[in-house]
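Examining the three-dimensional arrangement
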Amino acid sequence: MKISTKGRYGLTIMMALAKKYGEGPVSLKSIAKENSLSEHYLEQLIAPLRNAMLVKSVRGAYGGYMLTKDPSDITAGDIIRVLEGPISPVEVLDDEEPAKRDLWIKIRDAVKDVLDNTTLYDLAAYEGRDDHEYYMFYI
């Protein structure tokens, strides 16, 4: 499973709304500007999020979008499923060897577990640490 720009930018929109939760509506224009993204593309992504009732729109001069629930009640999995579809990195085939089938199921469940246990609040409140080591592999 590869998360496309739909999922990435969708999380960006939702994190921006979570950071402003309780302060009123936020315009897509401001989110696009802050993150150097296309406003037109964000408009395409907000529709499925609104249809899934994760956000609501507010009309008017000071309108924009707001979360429909507290950020701690929305998970990354909720957002990714709306924008990317079912979370399944590998298709599990019934006629596949049991050991491989079990591996694919474990991978799927691990990805689901991470996404479903990471809330929008967690993402919006995250303060990065620079203690991660990055490795370069040469072949």
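Look up: the structure comes first, before these words.
A few points on the structure. Owing to the predicted nature of the structure, the values given are computational and were not obtained by experimental measurement.

If you tally the helices and strands in the protein chain, you get 6 helices and 2 strands. The order of helices and strands in the protein chain, counted from the N terminus, is α-α-α-β-β-α-α-α. Along the longest, intermediate and shortest principal axes, the C-alpha atoms of the protein chain span 60 × 35 × 25 Å. In the protein chain, which comprises 139 residues, the share counted as buried stands at 27%. Within the structure as shown, the protein chain displays about 9,700 Å² of accessible surface, and the carbon and sulfur contribution to it stands at 52%. In the protein chain, the 18 positive side-chain charges and the 22 negative ones have mean positions that sit 7 Å from each other.

Glancing now at the packing of aromatic side chains. On inspection of all chains with the given rule, the structure shows 1 aromatic pair. Here the aromatic rings of Tyr 9 and Tyr 41 are separated by 5.6 Å at their centres, their planes lie at 80°, and the arrangement is edge-to-face. Within this pair, whereas Tyr 9 is found in helix 1 (residues 5–19), its partner Tyr 41 is found in helix 3 (residues 39–51), the two being separated by 32 residues in sequence. Judged by its relative accessible area of 21%, Tyr 41 is partly exposed.

Quick look at the pattern of salt bridges now. Within the structure shown, the criterion is met by 5 salt bridges. Note that Arg 81 is salt-bridged to Asp 116, the shortest N-O span being 2.8 Å. Taken as a pair, Arg 81 in helix 4 (residues 76–84) and Asp 116 in helix 5 (residues 98–116) lie far apart in primary sequence, 35 residues in all. Note on Asp 116: relative accessible area 31%, which makes it partly exposed. Between Asp 102 and Lys 106 there is a salt bridge; the shortest N-O distance is 3.5 Å.

Inspection of the secondary structure puts Lys 33 in helix 2 (residues 28–35). Look at Lys 33 and you get exposed, because its relative accessible area is 72%. Between the alpha carbons of Lys 33 and Ala 61 there is a distance of 18 Å; along the sequence they are 28 residues apart.

Moving on: the environment of Tyr 65. Positionally, Tyr 65 belongs in strand 2 (residues 64–67). Separated by 39 residues in the primary sequence, Tyr 65 and Val 26 have C-alpha atoms spaced 5.2 Å apart.

About the cut-offs
Residues numbered from 1 in each chain as written. Predicted model: local features only at pLDDT ≥ 70, side-chain atom pairs only at ≥ 80, totals over all residues. Heavy atoms only, no water. Helix = DSSP H or I, 4+ residues; strand = E, 2+ residues; numbered from the N terminus. Buried < 20%, exposed > 50% of the residue type's maximum accessible area, 1.4 Å probe, protein only. Areas by Shrake-Rupley, 256 points an atom, 1.4 Å probe, with all protein chains shown as cover. Lys, Arg positive; Asp, Glu negative; His and termini not counted. Charge placed at Lys NZ, Arg CZ, Asp CG, Glu CD. Phe/Tyr/Trp six-rings, centres within 6.5 Å; stacked < 30°, edge-to-face > 60°. Salt bridge = Lys/Arg side-chain N within 4 Å of Asp/Glu carboxyl O.

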